[in-house]
Amino acid sequence: AIDENDYSVADNYEEYKAKVESMIEARGRNQGLSGTTGRVSFRVAPNGSISSISVSGMPPDKAETLKRVISGLVLPRENGAIPPPALSGGMNFNVRI
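Attention here is on the structure that accompanies the text. This is a predicted model, so every value here is computed, not measured.

1. Comments concerning the nonpolar core
Consideration 1: Ile 24, Phe 42, Leu 66, Leu 75 and Met 91 are the most contacted members of the largest nonpolar core, which has 24 residues in total.
Consideration 2: Of all the elements in the fold, those that place two or more residues in this core are α1 (4-30), β1 (37-44), β2 (50-56), α2 (60-71) and β3 (91-96).
Consideration 3: When sequence neighbours within four positions are dropped, the list of residues in contact with Phe 42 reads Val 20, Ile 24, Ile 50, Ser 51, Ser 52, Ile 53, Ile 70, Leu 75, Gly 90, Met 91 and Phe 93.

2. Considerations on the pairing of β2
Consideration 1: Of the pairings in the sheet, the one linking β1 to β2 comprises five bridges and is antiparallel in character. Bridge pairing in β2 places Arg 39 opposite Ser 56.
Consideration 2: Hairpin connection between β1 and β2: a loop of five residues separates the two successive antiparallel strands, and Gly 48 in this loop has a positive phi of roughly 95°.

3. Focus on the sheet that holds β3
Consideration 1: In spatial order, the strands read β2-β1-β3; together these three strands make up an open sheet with antiparallel pairing. Taken across any chain shown, the strands that pair with only one partner, and hence form the sheet edges, are β2 and β3. On average, each strand axis in the sheet is tilted by 20° relative to the strand beside it, whichever way the strands run.
Consideration 2: With six bridges joining them, β1 and β3 adopt antiparallel strand pairing. If you follow Thr 37 over to β3, its bridge partner there is Arg 96.
Consideration 3: Sitting on the sheet, α2 is in contact with β1, β2 and β3, with an inclination near 155° to β2.

So, how was this worked out
- Residues numbered from 1 in each chain as written.
- Predicted model: local features only at pLDDT ≥ 70, side-chain atom pairs only at ≥ 80, totals over all residues.
- Heavy atoms only, no water.
- Core = buried A, V, L, I, M, F, W, Y, C linked by side-chain atoms within 4.5 Å.
- Buried < 20%, exposed > 50% of the residue type's maximum accessible area, 1.4 Å probe, protein only.
- Helix = DSSP H or I, 4+ residues; strand = E, 2+ residues; numbered from the N terminus.
- Contact = heavy atoms within 4.5 Å.
- Pairing = 2+ DSSP bridges.
- Axes fitted to C-alpha atoms, helices over the stretch in contact; angles between N-to-C directions.

In structure tokens form, the structure reads like this:
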């Protein structure tokens, strides 16, 4: 059975994912990656640090730059914690910088 709490977790996670996407895209623009699109995926630790980053769908030099940008991030904790879906499955999404 699904209750309203499950929906709010999903909604909050979508909002969180959008926030992380925006952070990555803003930092990417600062590194000269404007106009670049691709797919990113990474693991997230409970403290917000990121590991196992992969970037696909863009030239290798730009992918390396974006990996460096992402590896330097510490994700924000919502209500003191990283959302459970990010911890259990990592995060992956398309970026349009």
